[in-house]
Amino acid sequence: MRIFCASLATETNTFSPLRTDMTDFSESFYARPGEHPETPTLCSAVFPVCRRRASAEGWTLIEGTATWAEPGGLINRSTWESLRDEILEQARAAMPVDAVVLGLHGAMVAEGYDDCEGDLLTRMRQIVGPDAVIGATLDPHSHLTPKRLEAANVLIAFKEFPHTDFVECADACVDLVLRAARGEVNPCLSAFDCRMIEVMPTNNDPMRGFVDRIKTCERQDGVLSISIIHGFMAADVSEVGARILVITDNRPLEGARLAEDLGLQLFGFRGRTKPTLMSAEEALDHATGFHANASHKGPVVIADIWDNPGGGVPGDSTILTRLALERGMTSLAVGSIWDPMAVRLCISAGEGARMSLRFGGKTSATAGAPIDAEVEVLKAVRNAEQSFGDSRVPLGDAVAIRVDGLEVVLNSVRSQAFSPDLFSNLGIDPATRKILIVKSTNHFRGAFAAIAAEILYASIEGLYPNNPLTNGYTKLSRPVWPIVENPHGELESA
């Protein structure tokens, strides 16, 4: 048996002022055929899984390119076409193949291509023919389109948000592709449109219980896989919104009924899944008051959720940092602010240098003005990294600076906060600070919960389009909540 494996992934915020090109892919992650590391990445965990299975079972693995870019704005058309065609040519050269396994994201949008993954999967199907099995992993913050459902045999999304299960997802996808290629099962995809746009972390109920219920359903006879597609609200595409995807062993009617039942259950959670959100002032007030009680140990972690580079925005907002400075707060660390120019200046000055520096607030008028301050360069690291589970996430050249009583990590490659080693790798011990400010929506939670006394979510308006009522979608093709209060009216009245 011969199987081709490749990965091409990013998440596109079509409202972002950023643009994505080949440099973004090369800075984040780019591995030529055969060069993928043993360590998995979020969207390319299929590579180490395929290697392990091929070695144990004796089939032939043909590796293609693996690449991903930090979420950003619209992908340059030539960049998309070049990377897409690179992988398609590799697949053509690998023919004949029995199966294709792809590590995708599911929310890529390029100039002229609203459905990048659908485009890739359709062209891949044309190359490998109707009998080869095509499977792919997806991020749940994706768009499930008709093209993808038509071209693929297997689509499986991470179940958890934060995405702590990306390796398990790759295992499940590869296993199901192999079973299908051997003729043991006949995967049938059934999808239900939940018609809602919502933020749905899975670490708390009702989503925690729902994910556990999904896993129980997967043990039913004939059910091969169930995925919750959360959708990605920062994309102006026709298919934006949540869906349920059920894969059965050739039981399309049962799959459709189960997808609808689960989808309407998910719709019933609308308005109840978001964490409690605070203003910047409320979050800082609460954190300050929390540590007035000397018995409390560990930092209060404040997530600046809408300045999250993982959602495609720059990550250089200064609003929360400036407010902390104005209040004269101490024992507080910020991670991180994207500012390649400031990083370059600090590295040139050297560790221990004291200098005037302007940092942050460079890409938008809505994310706060740049901060001008006298700073001390505490530490400089070339090609800095942080961890995300077993993965390593690049920060580029990075520095830690001290501004009055605050410490700030500045990085040159955009990245959201995943782990406390974002700080410790830059010489800041996060466990000893009273307050940590991180730029992330929820992926930070798993690792930071181990040291945090409390976790707060700050909602600070900026570049991220966080309200479907005001996002200004132009391509939305159907009624969805909360834009329409009862988008399933015809089902309820039937």
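Note that the structure is predicted; figures quoted are calculated from it, not measured. (Residues numbered from 1 in each chain as written. Predicted model: local features only at pLDDT ≥ 70, side-chain atom pairs only at ≥ 80, totals over all residues. Heavy atoms only, no water.)

A. A look at the overall build of the protein. Secondary structure summary: the protein contains 14 helices and 18 strands in total. Here the C-alpha radius of gyration of the protein, 23 Å, is about what a compact globule of 494 residues would show, namely 23 Å. Across its three principal axes, the protein shows a C-alpha extent of roughly 65 × 55 × 45 Å. Across the 494 residues in the protein, those meeting the buried criterion constitute 61%. (Helix = DSSP H or I, 4+ residues; strand = E, 2+ residues; numbered from the N terminus. Rg over C-alpha atoms; globule rule 2.2 N^0.38 Å. Buried < 20%, exposed > 50% of the residue type's maximum accessible area, 1.4 Å probe, protein only.)

B. Structural context of the sheet that holds strand β6 (residues 154-157). Across the sheet, six strands lie side by side as β2-β3-β1-β4-β5-β6; this open sheet has mixed pairing. Each edge of the open sheet carries a strand with a single partner, namely β2 (29-31) and β6. Adjacent strand axes in the sheet meet at a mean angle of 15°, parallel and antiparallel pairs treated alike. Both strand β1 (residues 2-9) and strand β3 (residues 60-68) contribute to a ladder of seven bridges, which runs parallel. In the strand pairing of β3, Arg2 is matched with Thr60. Its contacts with the sheet place helix α2 (residues 46-57) against β1, β3, β4 (99-103) and β5 (133-138), and it is angled at close to 170° to β3. (Pairing = 2+ DSSP bridges. Axes fitted to C-alpha atoms, helices over the stretch in contact; angles between N-to-C directions. Contact = heavy atoms within 4.5 Å.)

C. Representation of the environment of Gly271. With respect to the helices and strands, the residue Gly271 is situated in the loop between α8 (252-267) and β10 (277-278). Residues Gly271 and Ile197 lie 74 residues apart in sequence; the distance between their C-alpha atoms is 9.9 Å. With near-sequence residues (within four places) excluded, Gly271 lies in contact with Glu198 and Trp481.

D. Quick peek at the side chain of Arg125. With respect to the secondary-structure elements, Arg125 resides in helix α4 (residues 116-128). Look at Arg125: it is buried, it has no salt bridge, and the nearest opposite charge is Asp131 at 7.4 Å. Not counting the four nearest positions on each side in its chain, Arg125 is found in contact with Pro130, Ala132, Ile134, Ala151, Ala152 and Asn153. (Lys, Arg positive; Asp, Glu negative; His and termini not counted. Salt bridge = Lys/Arg side-chain N within 4 Å of Asp/Glu carboxyl O.)

E. View of α4. With 13 residues, α4 should reach 18 Å at 1.5 Å per residue; the first-to-last C-alpha distance of 18 Å fits that figure. Of all the positions in α4, only Cys116, Glu117, Gly118, Asp119, Leu120, Leu121, Met124, Arg125, Ile127 and Val128 are classed as buried. Check the buried side of α4 and you find it contacts β1, α3 (77-94), β4, β5, α5 (146-151) and β6. Of the residues flanking the end of α4, it is Gly129, one or two places downstream, whose phi is positive at about 90°. (Expected span 1.5 Å × (residues − 1).)

F. Molecular detail of the side chain of Arg53. By the secondary structure assignment, Arg53 is in helix α2. Among the polar contacts made by the side chain of Arg53, one reaches the side chain of Glu57 at a distance of 2.4 Å. Other than its neighbours up to four places away in sequence, Arg53 contacts Gly58, Trp59, Val174, Asp175, Leu178 and Arg182. (Polar contact = N/O pair within 3.5 Å; in protein donor to acceptor, adjacent residues only side chain to side chain.)

G. Quick look at α3. The terminal C-alpha atoms of α3, which comprises 18 residues, lie 26 Å apart, in line with the 26 Å expected from a rise of 1.5 Å per residue. Those residues of α3 lying buried are Thr79, Trp80, Leu83, Arg84, Ile87, Leu88, Gln90, Ala91 and Ala94. Viewed along the axis of α3, the buried residues span an arc of 155°, placing them on a single side of the element. In this structure, the buried side of α3 is in contact with β1, α1 (22-28), β2, β3 and α4. (Arc of directions from axis to C-beta.)

H. Layout of the sheet that holds strand β9 (residues 243-249). The strand order across the open sheet built from three strands is β7-β9-β8, with neighbouring strands paired in antiparallel fashion. The open sheet has two edge strands with one neighbour each: β7 (187-193) and β8 (223-229). On average, adjacent strands in this sheet sit at an angle of 15° to one another, irrespective of strand direction. Sitting on the sheet, helix α7 (residues 207-217) touches β8 and β9, and the angle it makes with β8 is about 160°. Its contacts with the sheet place α8 against β7, β8 and β9, and it is angled at close to 30° to β7.

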